[in-house]
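Here's the letter readout for the chains.
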Amino acid sequence: MSEVKINEEDEDSEDNSSDTSEDSVEIEVPFKVGMWDLKQCDPKRCTGRKLMRLEMIDKLGMSARFNGIVLTPVATESVSAKDNQIIAEYGVAVVDCSWARLNDTPFHKLQHRKAKKNLRLLPYLVAANPVNYGHPSKLSCVEALAAAMYIAGFKEIGDLYMSKFNWGPTFTRLNQELLDSYAECKDGKEIVAFQNQYLDQLDYDCQRDRNFPESSSDSSSDNDVDTTVPNQ
């Protein structure tokens, strides 16, 4: 499963994360959406900070109490449809930190550590954000939140959040089959089982293509897929 976050500071040109889809449709978000901002990303490129400017996410202090689902690398369980009621009542939040600085991130200081049962990882998904496009698991804040919403049964709200970025709908298109399959799983164990089966098939297909390159001469990009996501 992917260890949520999010390295949005590696690109050097325009701030693509600030572009908004013209097709966005406003709907009511009936639960709280939060973020612990550990200030490890370029603020001009951070999707979480854009959501803050749009007043679509609440900034949480280091000692803030949050009883909803928390997407964080220190979790051991996948988000799933089983989390629907928790999100509906208490919301969902993300820890915004850099992949490159996980060892420096003070997870132990976050109040949500007291509610370990609500910490969640995301299953295998492919990023669509401009910094990590096509890379497995390296999702931006908005991608992580939208994926959790989609999997837990709040697809329209997830689509709303992605609509605030011009590349947002691409994330859903890239991962449509996976998101739909994860959403059909009843709990985290089923999601992990499906993810592992999917990755095994992906690895098998890549090995087959390497053994028979002539059969995939026009789709060589498939060989670049990273299948080393930690499984359970």
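Provided above is the structure to which this section pertains.
Residues numbered from 1 in each chain as written. Predicted model: local features only at pLDDT ≥ 70, side-chain atom pairs only at ≥ 80, totals over all residues. Heavy atoms only, no water.

A few words now on the packing of aromatic side chains. Tallied over the entire structure, the rule returns 5 aromatic pairs. When the ring of Phe31 is compared with that of Phe154, the centres are 5.0 Å apart and the planes differ by 65 degrees; the resulting orientation is edge-to-face. One end of the pair, Phe31, is in the segment before strand 1 (33-37); the other, Phe154, is in the loop between helix 3 (141-151) and helix 4 (155-162), with 123 residues separating them in the sequence. When its relative accessible area of 8% is taken as the criterion, Phe31 is described as buried. Taking the centre distance of 5.3 Å and the plane angle of 40 degrees together, the rings of Phe165 and Trp167 count as tilted. Side by side, Phe165 and Trp167 carry an identical accessibility label, which is buried. The ring of Phe165 is capped by Lys50, whose NZ or CZ atom sits 4.5 Å from the centre of that ring. (Phe/Tyr/Trp six-rings, centres within 6.5 Å; stacked < 30°, edge-to-face > 60°. Helix = DSSP H or I, 4+ residues; strand = E, 2+ residues; numbered from the N terminus. Buried < 20%, exposed > 50% of the residue type's maximum accessible area, 1.4 Å probe, protein only. Lys NZ or Arg CZ within 6 Å of the ring centre and 35° of its normal.)

The subject of this paragraph is the pattern of salt bridges. With the rule as written, the count across this model stands at 4 salt bridges. Here Arg120 makes a salt bridge to Glu77, at a shortest N to O gap of 3.7 Å. Of the two residues, Arg120 is situated in strand 5 (residues 119-120) and Glu77 in the loop between strand 3 (69-71) and helix 2 (84-90); the sequence distance between them amounts to 43 residues. Judged by its relative accessible area of 32%, Glu77 is partly exposed. (Salt bridge = Lys/Arg side-chain N within 4 Å of Asp/Glu carboxyl O.)

Moving on, we come to the packing of helix 5 (residues 168-184) against helix 6 (residues 188-211). Relative to each other, helix 5 and helix 6 sit at 150 degrees, their axes nearing to 9 Å. The crossing of helix 5 and helix 6 is right-handed. Residue-level contacts link Leu178, Ser181 and Tyr182 of helix 5 to Ile191, Phe194, Gln195 and Tyr198 of helix 6. Residues belonging to the contact of helix 5 with helix 6 are distributed by class as follows: 5 nonpolar, 2 polar and no charged. (Axes fitted to C-alpha atoms, helices over the stretch in contact; angles between N-to-C directions. Left-handed = near helix turned anticlockwise from the far one by under 90°. Contact = heavy atoms within 4.5 Å. Nonpolar A, V, L, I, M, F, W, Y, C, P; charged D, E, K, R; others polar.)

None of the figures reported here should be taken as evidence of function without further support.
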